[in-house]
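# Summary of the model geometry
So the chains spell out like this:
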Amino acid sequence: MNTQGRPTRPAGSEGVAHRTFTGNRALDMEEALIFETGRFDATGVDIDEPAPFQSRLGPHARQRGLDLPGLAEPEAVRHYVRLSRDNYSIDAGIYPLGSCTMKHNPRLNEKMARLPGFADVHPLQPVSTAQGALAVIEALADVLITMTGMSAVAMSPKAGAHGELCGMMAIKAAIEARGEAEARRVVLVPDSAHGTNPATAALIGFSVRPVPAGEDGNVSAETVKATLAPDVAAIMLTNPNTCGLFERQIVGIAEAVHEAGAYFYCDGANFNAIVGKTRPGDLGVDAMHINLHKTFSTPHGGGGPGAGPVTLSPRLAPYAPVPFVVRDGEGLRLVEHASGSESFGRMTAFHGQMGMFVRALSFILSHGADGLRQASEDAVLAANYVRASLNDVMSAPFGDRVCMHEALFDDRWLKDTGLTTLDFAKAMIDEGFHPMTVCFPLIVHGAMLIEPTESESKASLDRFIMTLRDLAFGAKAGKRERFLPAPVYAPRRRLDETRAARQPVLRWTRPAPV
Amino acid sequence: MRYLPLDAAERETMLVRIGVPDIEALFADIPADKRIEGLLDMPPGMSEMAVERTMTAMAARSRAAGPAPFFLGAGAYKRHIPASVDHLIQRSEFLTSYTPYQPEIAQGTLQVLFEFQTQVAALTGMEVANASMYDGSTACGEAMLMAHRLTKRRKTILSGGLHPQYADVAATLTHMAGDAITRLRPDATASEDIAAAIDDVTSSVIVQSPDFFGNPRDLAPIAAAAHAHGALMVAVFTDPVALGALRSPGEMDADIAVGEGQGLGNALNFGGPYVGLFATRLKNVRQMPGRLAGETVDASGRRSFVLTLSTREQHIRREKATSNICTNSGLCALAFSIHLSLLGETGLNRLANVNHANAVQLADRLSAIPGVEILNAHFFNEFTMRTPRPGAELIEALARRGVIGGLPVSRLLPGAALDDCIVVASTEVNTDEDRTAYAKALGECLR
């Protein structure tokens, strides 16, 4: 009961949106740079003065200032909390970025990674004091081998692209060992591939020969055979591919590649669709990286860190990089030097992304054999549900074909609307959704690649589908005002990316004194 | 399964909408004889409590650095990280977001990266830094490749003071690309003549300071020698806190500065994930690898941040990209940036001073033990000690006494005739009791 004369209903909506003094819009707050708010003599960390001592820095001591501001702890907490609120996240809603696999990040995995026996262990501690850490590496390697049917796994690559590099280095080492390094200098890469594939091949001196995908979105064994020649070292093929389709002729492709004396690198970015359903080793794959941050949900963290262990066939296993864990007698041991073996060398200091290994292992143990298969099935089910629920209003480049874990649409259905894929994506932002991957794969015009993952409830999928249908009807009905200015409700409107590239401002600089 | 929201009835309804009889129909493209019958040969799913029990038992088999007198560095440093750092990086919006490809709803990550880039540039004394690399060793490899692109030459010279595993990474890349590399002999007293090794086909010379053995190096004359031959100088560091006390790579005329950022904000994690720092001169920016956040405006004129200069990157340039790199080390860069924002220049200076003080006091204590010799003329928080017993043996003996005493050089450089050397580090976490325990244990082991 209102006893103080305050109105208990909102007054009539006489006001329209006005510019605020602060630039804030209630909970949507503007936040300055630390260089503008911090003080250059302040610090938020209390550090005791050491007892007097004689410096041993000699002539190397720094004389100049660094120009770094400091923040008291409350200021720092507020700064980063405010900034965080300008980010979309999987914890806040569906994040259907195709090829990126934004699934739920279980908090148990975060808790496990912070156990002192994992987080507070130095990579160069005596091996006798780090047996638990080595046990995690061994246990994860074992399950990755079980899932893939491969014979070995190199654990140290730091991310997917680093894993690709590792796999291609193993292939190069194998070819060198056969004395064919000069002869085989070409890598076949389908035009639908991730950009990292050709970039990786080029990095270690291979030239790239493109392989076109067929009308059905698959690479055919016939096409591969036609491109194979004695100068070919390897093919890099993504499976399931970047169109979200399983490469139906993968076995024939593998056979043709092997017959031609080349190796089969499989980009495992989409392994999450087939875990527990088929094993790449049985399909003829020689090397495949696994993005632990995708398939096993170690968090993406706003762009890393990732982890990209590479599974290897018996033909490539001897060339795996150091380090690796071996079991001898009672304990686990690290092999840290390549000399005296066929190992091609070292990819990184230390032993790989241990923090990610713990999270991935925790994820895998939680799911188990049954849960992993169910996760793959639910991911594929969800993608097909989205596909089947939208393909009467949007256009799919490969018709009614069943997809794997992601549904691909093109922009033919937007023809005559005056709108682009990007406009559609930006309008999704106003509806509270993160857009799907847009304009990739490059072979599909105006591509929209939707990966819902197994983490979405049916209610969530239905909300998403209804929203996209409503937007699609709006686009076709000529409601351009919903799209062209979008987003209008996000922390920012569309950005001037041309200006960012033409007049690069890549750091804060102190304004000139007036 | 607690992470999977769909139930059996919903799955059925969805299959009906799709128009297939069962889930297997969606996997029909997999050749029938290649499908797994039944389940993988793995245990079934576990409850949260059961997983926690299993993982905790594994963790208990390692000795955590925290409680022990701990003096190991060599590229990874035990630090006290303010509690707020780990709390903030676990904000859902940082932890569970993707690369900021939709900048309108990713300004948090983008502004953090812009601030991070500014901090790294300031710390290294360079003009521009990227949004981070995987770690110090891979950043070092990328710097080598960037120098090749800038100089159009393909020969690299590595100082013998470069971290041996960083040198191995560079050598592996070099071998695979068919380029040339010269590794100078490891030398604990930094007496190598790098300038004499540089010739007119040298692309870059890569020098670490403080070097692997703890010696701060004067990079200015090396840079001058490199520049005289049209080569570049790449400066490497493995502990960002050292830059709080020592002259910066930029001040000593380095062309590219790379390093490991773990020492701020990031736990030891048995070697990863860490965060590679990468900085250079503005004129080189278009040959730089990795992501860059830049400032611009949005349609209503407000300052905004966006990933930029992406025409260098693999998703646009494919085989002509500056690097195959796709991810950065976003969350580790965030932790680095928060820790450094808390410290500020004032705190960083104090932190560096305490690190140095603790190392000096430790060196004094250890060198008083008969037979122990400190080889460094100067050092920051890490030094090399020569002992009358093989280092590897001593470190094991110390570990049995509960002291992690450093890195026996022979572990990373077998056959380098440095078996009697141990690299010892000290940070702010070490107490006087730790030093006493170390000196006592070492004295006993050498008796």
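Sequence order as written defines residue numbering, which begins from 1 separately in each chain. Numbering of ligands from 1 and lettering of chains from A proceed in the order in which they are written. Residues qualify for local features only when their pLDDT is at least 70, as the model is predicted, and side-chain atom pairs are given and counted only at 80 or more; totals for whole chains, interfaces and linings, by contrast, use all residues.

## Describing the overall build of chain B
Secondary structure assignment for chain B yields 13 helices and 13 strands. Taking 22 Å as the expected radius of gyration for a compact globule of 447 residues, we find that chain B reaches 25 Å, a close match to that expectation. Along the three orthogonal principal directions, the C-alpha set of chain B runs to about 80 × 50 × 50 Å. For the exposure call, what matters is how many other C-beta atoms sit within 10 Å of a residue's own: 20 or more marks it buried, 12 or fewer exposed, and in between partly exposed, using C-beta atoms placed from the backbone. Split into buried and exposed, the 447 residues of chain B put 63% on the buried side. With C-beta atoms placed from the backbone, a contact is any residue pair whose C-beta atoms sit within 7 Å. Long-range contacts, defined as pairs at least 24 residues apart, comprise 72% of the intrachain contacts of chain B with a sequence gap of at least 6. Helix numbering and strand numbering both begin at the N terminus, where a helix is a DSSP run of H or I of at least 4 residues and a strand a DSSP run of E of at least 2. Radius of gyration: C-alpha atoms only; globule rule: 2.2 Å multiplied by the number of residues to the exponent 0.38.

## So, unusual backbone geometry
Of note, the amide linkage connecting A:N239 to A:P240 takes the cis form, showing an omega dihedral of -10°. Structurally, A:P240 can be placed in the loop between β4 (232–238) and α9 (250–259). Of note, B:K152 is a non-glycine position whose phi angle comes to about 60°, a positive value. With respect to the helices, strands and loops of the structure, B:K152 is situated in the loop between α6 (136–151) and β2 (155–158). A count of 8 C-beta atoms within 10 Å places B:K152 in the exposed class. Positive phi values are uncommon outside glycine, yet B:A417 reaches one of about 60°. By secondary structure assignment, the location of B:A417 is in the loop between α12 (409–412) and β13 (421–425).

## With respect to the interface of chain A and chain B
Between chain A and chain B, the contact holds 174 residues from the first and 169 residues from the second. Among the elements that line the side of chain A that touches chain B, the one with the most residues is helix α12 (residues 354–390) of chain A, at 23 residues. Note that Gly is not counted as nonpolar here; it falls among the polar residues with everything else outside the nonpolar set of Ala, Val, Leu, Ile, Met, Phe, Trp, Tyr, Cys and Pro and the charged set of Asp, Glu, Lys and Arg. Tallied by class, residues from the side of chain A that touches chain B come to 87 nonpolar, 54 polar and 33 charged.

## Some remarks on the environment of A:V45
Tracing the backbone shows A:V45 in the loop between α1 (34–37) and α2 (73–84). It is 7.8 Å that separates the C-alpha atoms of A:V45 and A:E73, two residues lying 28 residues apart in sequence. In this structure, A:V45 is in contact with B:P82, B:L342, B:L343 and B:G347, ignoring residues within four places of it in sequence.

## A look at the packing of helix α10 (residues 330–367) of chain B against helix α13 (residues 432–446) of chain B
Residue and element names in this part refer to chain B. What counts as an axis is a line fitted to C-alpha atoms, over the stretch in contact for a helix, and the angles between N-to-C directions run from 0 to 180 degrees. The geometry of α10 relative to α13 is characterised by a closest axis approach of 9 Å and an angle of 25° between their N-to-C directions. Considered as vectors, α10 and α13 are oriented roughly parallel to each other. Crossing hand, α10 versus α13: right-handed. For the pair formed by α10 and α13, the contact residues are Q361, L362, R365 and L366 on the first element and R435, A439 and L442 on the second. Angles are sorted into four bins: roughly parallel if under 35 degrees, roughly antiparallel if over 145, roughly perpendicular if 65 to 115, and oblique for all others. Crossings are classed by handedness, with left-handed meaning an anticlockwise turn of the near helix from the far one by less than a right angle and right-handed meaning a clockwise turn.

## Section: the domain arrangement of chain A
All names here are of chain A. Where a domain begins and ends is set by an automatic assignment or by a domain database. What the domain assignment lists for chain A is domain 1 (110–364) and domain 2 (368–490). Computed from C-alpha atoms alone, the centre-to-centre distance between domain 1 and domain 2 is 30 Å. Tallied by class, the residues present in the side of domain 1 that touches domain 2 amount to nine nonpolar, seven polar and three charged.

## Points about the domain arrangement of chain B
Residue and element names in this part refer to chain B. According to the domain assignment, chain B contains domain 1 (83–338) and domain 2 (344–446). One C-alpha centre belongs to domain 1, the other to domain 2, and the line joining them spans 28 Å. Each side of the interface is counted separately: domain 1 has 16 residues, and domain 2 has 21 residues.

## Topic: the pairing of strand β4 (residues 202–208) of chain B
Residues and elements named next belong to chain B. Counting buried residues along β4, seven of its seven residues qualify, which places the element largely inside the surrounding structure. Paired strands are those between which DSSP finds at least two bridges. With four bridges joining them, β2 and β4 adopt parallel strand pairing. Along β4, the bridge assignment pairs I157 with V205. Inspection of the sheet shows β4 paired to strand β5 (residues 232–237) by five bridges, in the parallel sense. Across the sheet, the residue bridging to V207 is A235, located in β5. Read from β4 through helix α8 (residues 220–228) to β5, the crossover connection turns out right-handed. For crossovers, right-handed means that the path from the first strand over the helix to the second runs clockwise, given strands pointing away from the viewer.

## Remarks on the nonpolar core
As used here, a nonpolar core is made of buried Ala, Val, Leu, Ile, Met, Phe, Trp, Tyr and Cys residues. They are joined through C-beta atoms within 7 Å. Membership of the largest hydrophobic core comes to 315 residues, with the highest contact counts inside it found for A:F118, A:A170, A:I171, A:A234, B:M233 and B:V234. For this core, the element with the highest residue contribution is α12(A), accounting for 21 residues. Not counting the four nearest positions on each side in its chain, A:F118 is found in contact with A:A113, A:A133, A:V136, A:M354, A:V358, B:A59 and B:F270.

## Structural notes on the sheet that holds strand β10 (residues 373–374) of chain B
All names here are of chain B. Spatial ordering of the open sheet is given by β10-β11-β13-β12, a layout of four strands whose pairing is antiparallel. Taken across any chain shown, the strands that pair with only one partner, and hence form the sheet edges, are β10 and β12 (407–408). In this structure, strand β11 (residues 382–386) lies alongside β13, joined through five bridges in antiparallel fashion. Residue pairing across strands places T384 opposite V423, the latter belonging to β13. Here α10 sits on the sheet and contacts β10, β11 and β13; the angle it forms with β11, its principal contact strand, is near 5°. Lying over the sheet, helix α11 (residues 391–400) contacts β12 and β13, oriented at roughly 45° with respect to β13.

## Structural notes on the pairing of β2(B)
A regular strand places its side chains on the two faces of the sheet in alternate fashion. Residues and elements named next belong to chain B. Side chains K155 and I157 project from β2 onto one buried face, and the interleaved T156 and L158 project onto a second face that is buried too. Alignment of β2 against strand β3 (residues 180–183), held across four bridges, turns out to be parallel. Pairing of K155 across the sheet is with A180, part of β3.

## Quick word on the sheet that holds strand β6 (residues 287–289) of chain A
All names here are of chain A. Pairing in this open sheet of seven strands is mixed, and the strands run β1-β7-β6-β5-β4-β2-β3 from one edge to the other. Both outer strands of the open sheet, β1 (152–154) and β3 (207–211), are each paired with one neighbouring strand and no more. When the angles between neighbouring strand axes are averaged without regard to direction, this sheet yields 25°. Sheet topology note: the strand β2 (residues 186–190)/β3 ladder contains five bridges and is parallel. Bridge pairing links V187 to V208 in β3. Sheet strands in contact with helix α6 (residues 160–177) are β1, β4, β5 (263–267), β6 and β7 (310–312), and its direction is about 165° off that of β6.

## A closer look at the packing of α6(B) against helix α7 (residues 164–177) of chain B
All names here are of chain B. At a closest axis distance of 9 Å, the pairing of α6 and α7 adopts a crossing angle of 40°. Between α6 and α7, the angle falls in the class oblique. Crossing handedness for the pair α6 and α7: right-handed. Facing G136, S137, T138, C140, G141 and M144 of α6, the residues of α7 in contact are Q165, Y166, V169, A170 and L173. In the contact of α6 with α7, the residues fall into six nonpolar, five polar and no charged.

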